Amino acid sequence: MFSVCYLKNQRLLPLLAFPFLVWLLPQKTDVKSTDISSEKINLALRRTADGLLRQSGDSTSRIPAIEQVSKLIWRVRLDQPFNYEQLPAILQSSLDLHGILQAYNVTIRKCVDATIDLGYHQFDFLQQKAKLDNKIKTNDSLSLLSNSNKNEILVPCVGRDMPEGCHYIEISFLENELKNSFWSTKSLILLFILVGFAGYWFLIKQKSMYLLNDDSREPEWLEFGNSRLDVPGQILLCSGIRQTLTFRETKLLKLLVTSPDRLLERDFIIQQVWADEGVLVGRSVDVFVSRLRKKLSADVSIGIVAVHGVGYRLETGK
């Protein structure tokens, strides 16, 4: 009965795993929220240029049109000098304001020959910002820092002299990093769950196949004297009388039937029939032999004979 219920319950395992798989799969809403919008990029870069110019004391100069160099690259031209150290914080806040979440590189190029003078990766800024935020939380003295000092987060090239002349602030979005961001977190969880689930499913299948094959190796009937034993069904037909046996009775009778007219020692019988119980009781053999004798009494051609101090033998008269 247990094996039948056990095999049926296997069908519920895919249903139990389904909620986890749904949670791990990327959602469409996540993709839409990180789409690059030309309009948003335009507004974010114009806000960045305006902030840099105002920090330099310039609130009247015209900001040129934002240029899209390629599918993932935009730039804004500034003929006026600006403070490079203020760029990372102003640019990041502008991108956050417009919901632009994709990773990026920033380069400062000369307008004349596109030579790169300065630049950094978004990760440089975010890493330094996280360190500063952690210090502010753990050190009370840092809570007195002014807002301007908090924005001065070190990124590559900060502190170096800003070259004079016209420059482009160019932002290059990194498409591959967006795609890999999902796999860097949830994919590992998904992999472990799938491997564990596959392994568990394989073991269940192997066990079920073993149970089926183990039953199939048993003869449909074991015949002895005028009786027959159906081991898988635990049925005894003795001189035409049908009787139902217990699991232990079936194991004991099968052991005797498969070794007809052979003396089986008591210890051997205990090991073969009762070893899986952990506790071996010699008296159990005598009790079960007595039960079988009663159930086989209608078949006069056979009998279970006791050899005192040694064990039992099924005599068939052959």
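Refer to the preceding data block for the structure.
Please read all numbers here as calculations on a predicted model, not as lab measurements. Residue positions are given per chain, counted from 1 along the sequence in the order it is written. Only residues with pLDDT of 70 or above have their local features reported here, since the model is predicted, and side-chain atom pairs are shown and tallied only from 80 upward, although totals for entire chains, interfaces and linings are computed over all residues. Computation of side-chain values covers all heavy atoms of the structure but excludes hydrogens and water.

Quick look at the pattern of salt bridges now. Salt bridges are identified by distance alone: a Lys or Arg side-chain nitrogen within 4 Å of an Asp or Glu carboxyl oxygen. Inspection of every chain in the model, using the stated rule, returns eight salt bridges. The partner of Arg77 in a salt bridge is Asp79, and the shortest N-O contact between them spans 3.1 Å. Under the relative-accessibility criterion, Arg77 is labelled partly exposed at 32%. Here Arg109 ties to Glu170 by a salt bridge, and the two come within 2.9 Å at their closest N and O atoms. Of this pair, Arg109 sits in strand β3 (residues 104–110) while Glu170 is found in strand β5 (residues 167–173), placing the two residues 61 residues apart along the sequence. Judged by relative accessible area, Arg109 falls into the partly exposed class, the value being 21%. When salt bridges with common partners are traced through the structure, they connect Glu249, Arg291 and Lys295 into a single cluster. Relative accessibility decides the category of a residue: with a 1.4 Å probe and only protein chains considered, values under 20% of the type maximum give buried, values over 50% give exposed, and everything between is partly exposed. By the criteria applied, helices consist of DSSP H or I runs no shorter than four residues and strands consist of E runs no shorter than two, each listed in order from the N terminus.

Once that is clear, we can look at the packing of helix α10 (residues 247–257) against helix α11 (residues 266–274). To define axes, lines are fitted to C-alpha atoms, for helices over the stretch in contact only, and angles between the resulting N-to-C directions are given on a 0 to 180 degree scale. Direction vectors running N to C along α10 and α11 enclose 135°, while the axes themselves pass 9 Å from each other. Judged by the angle between their axes, α10 and α11 are oblique. Classified by chirality, the crossing of α11 by α10 is right-handed. Contacts between α10 and α11 pair Arg248, Lys251, Leu252 and Leu255 from the former with Phe268, Ile269, Gln272, Val273 and Trp274 from the latter. Lys, Arg, Asp and Glu make up the charged group, whereas Ala, Val, Leu, Ile, Met, Phe, Trp, Tyr, Cys and Pro make up the nonpolar group; the residues left over, Gly among them, are polar. Within the contact of α10 with α11, the residues separate by chemical class into six nonpolar, one polar and two charged. In what follows, roughly perpendicular refers to angles from 65 to 115 degrees, roughly parallel to angles under 35, roughly antiparallel to angles over 145, and oblique to any angle outside these ranges. Here a crossing is taken to be left-handed if its near helix is turned anticlockwise relative to the far helix by less than a right angle, and right-handed if that turn runs clockwise. Here a residue-residue contact requires only that any non-hydrogen atoms of the pair lie within 4.5 Å.

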